[in-house]
Amino acid sequence: MATASREEMGVTKEQVESSLTSKLNPSHLEVIDTSGGCGASFAIEIVSEQFEGKRLLERHRMVNGALQEEMKQIHALSIKKALTPEQWKQQQETEKSKSDA
């Protein structure tokens, strides 16, 4: 029985993290494999200074661009958050004050 080559296995969470880290240098990154382990779909939360001054659409394009190779095998990529460090900080403070209330 032939073993499946690496390319047929889909993309790993670590591959996605590694590509995003090397290209966008995020201060926060959360990658969730939503495909049940086959590497076909991921949800991403990313915070990067490189998003400063960029509209949401541009940020999503940057994430997709950073994952250009992986996107050949990923069928669904959900970018839950693509924030600047300042936006992330404000969001964390908002969530904290809600949980304290």
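Presented here is a report on the structure given in the accompanying data block.

The rules behind each value
- Residues numbered from 1 in each chain as written.
- Predicted model: local features only at pLDDT ≥ 70, side-chain atom pairs only at ≥ 80, totals over all residues.
- Heavy atoms only, no water.
- Pairing = 2+ DSSP bridges.
- Helix = DSSP H or I, 4+ residues; strand = E, 2+ residues; numbered from the N terminus.
- Right-handed = clockwise from strand over helix to strand, strands pointing away.
- Salt bridge = Lys/Arg side-chain N within 4 Å of Asp/Glu carboxyl O.
- Buried < 20%, exposed > 50% of the residue type's maximum accessible area, 1.4 Å probe, protein only.

1. Topic: the pairing of strand E3 (residues 76-83)
Two elements, strand E2 (residues 41-47) and E3, share seven bridges in a ladder whose sense is parallel. Bridging across to E3, Ile-44 finds its partner in Ile-79. One crossover worth recording links E2 to the parallel E3 by way of helix H2 (residues 56-66), and it is right-handed.

2. Some thoughts on the pattern of salt bridges
Counting across every chain of the model gives six salt bridges. One salt bridge connects Glu-69 with Lys-72, and the closest N-O pair in it is separated by 2.9 Å. This pair shows no difference in class: Glu-69 is exposed, exactly as Lys-72 is. Residue Glu-93 is joined to Lys-89 by a salt bridge in which the shortest nitrogen-to-oxygen separation is 4.0 Å. Placement of both Glu-93 and Lys-89 in helix H3 (residues 85-100) is noted, with a separation of four residues, approximately one turn of the helix. Judged by its relative accessible area of 46%, Glu-93 falls in the partly exposed class. Members of the salt-bridge network, linked through shared partners, are Glu-45, Lys-81 and Glu-95.

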